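# Report on the structure
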Amino acid sequence: MDDDRVWAFEESLWTADAEHYRHSIDDECVMVVPAPPFVMTGAQAVEAVSSTPRWSRVAFSDQQIMRPQEGLIVIGYTAEAEKEGGESYVAHCTSTYRRLEHELWKVVQHQQTPPLKAGG
C-alpha cells in the first residue's frame, strides 16, 4: 500500500460509516483510547465506534510511516478532528495494519493519546 493510500485509509477510519469501520478492523485488534473502557479488542472497538457519531473532518500532521516487514505497516501521526456542531479533538495516534491478502489490509493496533500537559 503506497503512502497516499495509507493516509486515505486512516482518514476513512475516522470519517466513514460504521460498516466501513467494521470491515477495516481485525478481530485480533487491540485499541487504547482516552475514554472508557480504555483498552479494547476488535469486536469491542467496532461496537464502541458503531454507536458514536463519526468525525466529519480530520487532518493529520507529524505523519510517519514504517514498514518493518512485508505485509506490515506502522504509522504515527497527530490527528485534529471535528464533528458537526463544533466538537473538536486532538490526539497523537499510532495504527498498525497487516495485509491478509493482496490489497486487503486490516487494523491490528490503534492508540490515541491526547496532548499531555507539562506539570509543575
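Residues numbered from 1 in each chain as written. Predicted model: local features only at pLDDT ≥ 70, side-chain atom pairs only at ≥ 80, totals over all residues. Heavy atoms only, no water.

Taking an unreviewed UniProt entry as the reference, the protein is identified by name as DUF4440 domain-containing protein belonging to Sphingomonas spermidinifaciens.

## A closer look at the UniProt feature "domain: DUF4440" (unreviewed entry) in the protein
Feature annotation in UniProt places "domain: DUF4440" (unreviewed entry) on residues 9-107, given in this structure's numbering. Taken end to end, residues 9-107 has its terminal C-alpha atoms 10 Å apart, with 23% of it in helix and 54% in strand. (UniProt positions renumbered as here; feature names shortened; annotations may be inferred. Helix = DSSP H or I, 4+ residues; strand = E, 2+ residues; numbered from the N terminus.)

## Here's the deal with unusual backbone geometry
Cis peptide bonds are those with omega within 30 degrees of zero, and the linkage from P36 to P37 qualifies with 5°. Counting through the fold element by element, P37 comes out in the loop between β1 (25-32) and β2 (39-41). Although it is not a glycine, F38 sits at a positive phi angle of roughly 70°. Tracing the chain through its elements places F38 in the loop between β1 and β2. The backbone phi angle of E103 is positive, close to 65°, even though this residue is not glycine. Examined against the element boundaries, E103 turns out to sit in the loop between β5 (88-101) and β6 (104-113). Note on E103: relative accessible area 42%, which makes it partly exposed. (Buried < 20%, exposed > 50% of the residue type's maximum accessible area, 1.4 Å probe, protein only.)

## Examining the confidence of the model for the protein
Of the residues in the protein, 98% have a pLDDT of 70 or more, and the chain-wide mean is 92. The weakest mean pLDDT in the protein belongs to helix α3 (residues 42-50) at 84; the strongest belongs to strand β3 (residues 57-69) at 98. (pLDDT = per-residue confidence, 0-100.)

## Description of helix α1 (residues 3-15)
The end-to-end C-alpha distance of α1, which contains 13 residues, comes to 19 Å, matching closely the 18 Å that a straight helix rising 1.5 Å per residue would cover. Listing the buried residues of α1 in full gives V6, W7, F9, E10, S12, L13 and W14. Buried residues along α1 sit in contact with α2 (18-24), β1, β3, β4 (72-82), β5 and β6. Of the residues that open α1, the one with a side-chain oxygen 3.3 Å from the backbone nitrogen of D4 is D2. (Expected span 1.5 Å × (residues − 1). Contact = heavy atoms within 4.5 Å. Polar contact = N/O pair within 3.5 Å; in protein donor to acceptor, adjacent residues only side chain to side chain.)

## What to know about the packing of aromatic side chains
Evaluated as defined, the whole model comprises seven aromatic pairs. Ring geometry for W7 and F60: centres 5.6 Å apart, planes at 50°, overall tilted. Here W7 is found in helix α1, whereas its partner F60 is found in strand β3, with 53 residues between them in sequence. When sorted by exposure, W7 lands in the same class as F60, which is buried. Ring centres 5.6 Å apart and planes at 20° place the aromatic pair W55 and Y89 in the stacked group. Within this pair, whereas W55 is found in the loop between α3 and β3, its partner Y89 is found in strand β5, the two being separated by 34 residues in sequence. On the basis of relative accessibility, which here comes to 14%, the residue W55 falls in the buried class. (Phe/Tyr/Trp six-rings, centres within 6.5 Å; stacked < 30°, edge-to-face > 60°.)

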